Amino acid sequence: MQVVKPGKILINNEWCESQSGKRFDVINPATELKLTDVAEGDAADIARAVKAARQAFESGPWKTMSARERGRILNRVALLLDKHKEEIAELETLNNGKPIHETRNADLPLSIETFEYYGGLADKIHGDTIPVNGNFFNYTLREPAGVVGQIIPWNFPLLMAAWKLGPALATGCTVVLKPAEQTPLTALRLGEILLEAGLPAGVVNIVPGFGPTAGAALVTHPEVDKIAFTGSTEVGKTVMQLASSHLKRVSLELGGKAPNIVFADSDIDAAVNGAMRGIFFNQGEVCCAGSRLFLEERIHDEFLSKLKTRVEKMVVGNPLDPQTQMGAQVSEEQFRKILGYVEKGKKEGAKVVTGGSPAQATGYFVKPTILEGVNNEMTVAREEIFGPVVCAIPFKNHDHLVHQANDTVYGLSAGIWTRDIGKAHRLAKEIKAGTIWVNCYNCFDAASPFGGFKQSGFGRELGKYALELYTQVKSVWVSLD
Ligand code: NAP
Ligand code: MG
């Protein structure tokens, strides 16, 4: 497939070069070869983009357009994504390295449904009337937050753009979006679709570039009212500090180290499937990956032997082959980081059950990896590896488990495998995480909220909850005297 995408910056509905004239290379992680290059935005381009977004927010047709019409535009975006889904799935796979099976069946349908969902929600956003003391009529208005800066990562490039843009546009905000440096292509393709769908000029501006330049300029720009960030906890902390200069509102969706818990009374084969889905989906480059696999002691050996058999049959390789189950890691940096964690795990006493090495001579492929003999104190159990490496940790009983499951700085998600419904619901309450999956894993729906406890961040994306991120409430008092 030829990559003939704009490769430019989108400002005020026009594709332009960066002011510096610089461009940067985009790599196919499966071949290590250059796919294309893209204009490199920095502070000057962010300033132009924010100006366009501010103008569109204050005076353009966007401001006066009815919410229903905004919804129609979002629905057109969904239809256009659907129309071009095969081409966009391929583009995502080429740029990110994830298997085409997943881009076709997860990234694209979930992105489409996100625009559909917010298209439907746009005209259902409203305030309340509130009975107050005295002779007054009091009501609230739910107004858009304003100009929003959105910064997204490389693991689900299109889907993260959809999660950010859907609710922001439904509420009437305008946006400057910075995609990750590794994966700008589908965000730019989405830009073309936004234009085709009839989005007015300046409502969405897309500036590819690097974090410390374009990203930081967006976070510190005085005309940006709110920052929505998804990425590492480390950069999330920087973003929050930078945003404090103008007291911008911030929402953060950060890393995770999720417990995926298997009880002896579970359907073991289903749990083996769930453990695989939990860690190998998207090559483990998933913030809610089930990277700590807690196994009740008496099934520990049986479970690992079944898991090993299944893992060794996984098809790893060419991401464009529909049979492929695991593709390439996004970059050489990520590839090396993952293998570095495996070495660190071994040094601290973990044993490699299977995997632990590159899967091919060329491309950033890592074999699906199981580590056993891990305890919750080891680096591999504490830090986010963001790769296809699962750490098996045995547990004795309920209290031992809950303590360990919650003994992490993160709190994004958790999985629970048991046939005991009471136990499942009790644990669902006890685990400090934003999403709990019972006898399933990595399930998503545009209607259901997603976000973190603790250092996994704050704010909830998706569903009606995301409206909180992009609106502010105004209280209006009217004297009836
Ligand atoms: P990252 O550096 O946190 O990147 C996320 C986004 O923030 C990117 O668009 C990035 O730009 C931007 N950024 C970086 N520094 C910034 C700054 N000073 N100000 C504003 N924006 C900034 O994450 P990464 O480099 O892609 O991956 C590093 C680690 O983050 C991974 O190994 C993984 O553990 C974690 N991660 C978590 C998630 C998640 O969903 N929770 C997603 C991706 C990665 P650049 O593209 O130029 O870096
Ligand atoms: Mg980075």
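Everything below is about the structure printed above this text.
Scope of this entry: the structure provided in the associated data block.

What counts, and at which threshold
- Residues numbered from 1 in each chain as written.
- Chains lettered and ligands numbered in written order.
- Predicted model: local features only at pLDDT ≥ 70, side-chain atom pairs only at ≥ 80, totals over all residues.
- Heavy atoms only, no water.
- Helix = DSSP H or I, 4+ residues; strand = E, 2+ residues; numbered from the N terminus.
- Rg over C-alpha atoms; globule rule 2.2 N^0.38 Å.
- Buried < 20%, exposed > 50% of the residue type's maximum accessible area, 1.4 Å probe, protein only.
- Contact = heavy atoms within 4.5 Å.
- Areas by Shrake-Rupley, 256 points an atom, 1.4 Å probe, with all protein chains shown as cover.
- Lys, Arg positive; Asp, Glu negative; His and termini not counted.
- Charge placed at Lys NZ, Arg CZ, Asp CG, Glu CD.
- 1 Å grid on protein atoms, 1.4 Å probe; cavity = no way out; pocket = protein on both sides within 12 Å on 5 of 7 lines; lining within 4 Å.
- Points joined across faces, edges and corners; volume = space filled by probe spheres on them.
- Nonpolar A, V, L, I, M, F, W, Y, C, P; charged D, E, K, R; others polar.
- Domains from an automatic or database assignment.
- Phe/Tyr/Trp six-rings, centres within 6.5 Å; stacked < 30°, edge-to-face > 60°.
- Lys NZ or Arg CZ within 6 Å of the ring centre and 35° of its normal.
- Pairing = 2+ DSSP bridges.
- Axes fitted to C-alpha atoms, helices over the stretch in contact; angles between N-to-C directions.
- Patch = residues over 30% accessible without salt bridge, like charges linked within 9 Å, V, L, I, M, F, W, Y side chains within 5 Å.
- Salt bridge = Lys/Arg side-chain N within 4 Å of Asp/Glu carboxyl O.

1. What about the overall build of the protein chain?
From N to C terminus, the protein chain includes 16 helices and 20 strands. In summary, the protein chain has a C-alpha radius of gyration of 23 Å against a globular reference of 23 Å for 481 residues, a match within 12%. Considering only C-alpha atoms, the protein chain reaches an extent of 70 × 60 × 40 Å along its principal axes. The buried share of the protein chain, reckoned over its 481 residues, is 58%. Here the contacts in the protein chain between residues at least 6 apart in sequence split such that 74% fall between residues at least 24 apart. Summing over all exposed atoms, the protein chain offers an accessible surface of approximately 18900 Å²; the carbon and sulfur share of this is 52%. Both charge centroids of the protein chain, one from 52 positive and one from 55 negative side chains, sit 2 Å from each other.

2. Concerning the layout of surface pockets
Of the pockets and cavities examined, the largest pocket occupies roughly 1000 Å³. Residue lining of the largest pocket: 41 residues in total, with Trp154, Phe229, Gly231, Ser232 and Val235 positioned closest to the centre. Secondary structure elements with two or more residues in the lining of the largest pocket: helix 8 (211–220), strand 10 (226–230), helix 9 (233–243) and helix 12 (332–347). Residue contributions to the lining of the largest pocket peak at six residues, all from helix 9. In terms of residue class, the lining of the largest pocket is made up of 20 nonpolar, 13 polar and eight charged. Counting contributing residues, the lining of the largest pocket receives three or more from each of domain 1 (9–254 + 455–477) and domain 2 (259–445).

3. Considerations on the packing of aromatic side chains
Counted according to the given criterion, the structure contains 13 aromatic pairs. Taking the centre distance of 5.8 Å and the plane angle of 35 degrees together, the rings of phenylalanine 156 and phenylalanine 281 count as tilted. Within this pair, whereas phenylalanine 156 is found in the loop between strand 7 (147–151) and helix 6 (157–171), its partner phenylalanine 281 is found in the loop between helix 10 (268–280) and strand 13 (292–296), the two being separated by 125 residues in sequence. Ring geometry for tryptophan 437 against tyrosine 441: centres 4.7 Å apart, planes inclined by 45 degrees, an arrangement best described as tilted. Summarising the burial analysis for this pair, tryptophan 437 and tyrosine 441 share the class buried. By the ring-pair criterion, three or more aromatic residues cluster together here, those being Trp163, Trp437, Tyr441, Phe444 and Phe450. Against the face of tyrosine 470 rests lysine 226, its NZ or CZ located 5.5 Å from the ring centre. Taking the ring centre of phenylalanine 263 as reference, the NZ or CZ of lysine 423 above it sits at 4.2 Å.

4. Quick word on the pairing of strand 6 (residues 136–144)
Successive residues of a regular strand alternate their side chains across the two faces of the sheet. In this structure, strand 5 (residues 129–130) lies alongside strand 6, joined through two bridges in antiparallel fashion. Residue pairing across strands places threonine 129 opposite tyrosine 139, the latter belonging to strand 6. The loop that links strand 5 with its antiparallel partner strand 6 comprises five residues; one of these, glycine 134, has a positive phi angle of about 90 degrees. Pairing between strand 6 and strand 20 (residues 471–479): nine bridges, direction antiparallel. From the neighbouring strand, arginine 142 faces strand 20, where its bridge partner is valine 473.

5. Focus: the sheet that holds strand 18 (residues 435–438)
Sheet architecture is open: seven strands sit in the order 14-15-16-13-12-17-18, paired in mixed fashion. For this open sheet the edge positions go to strand 14 (351–354) and strand 18, each flanked by a neighbour on one side alone. For this sheet, the mean angle separating the axes of adjacent strands, direction not counted, is 25 degrees. Note: strand 14 against strand 15 (residues 369–372), three bridges, orientation antiparallel. Looking at the pairing, valine 352 lines up with leucine 371 of strand 15. On the sheet, helix 14 (residues 398–406) packs against strand 12 (259–262), strand 13 and strand 16 (389–395) and is oriented at approximately 145 degrees with respect to strand 16.

6. Brief notes about a nonpolar patch on the surface
Residues Phe137, Val478 and Leu480 make up a contiguous nonpolar surface patch of about 240 Å² in total accessible area. For leucine 480, the position within the fold is in the segment after strand 20.

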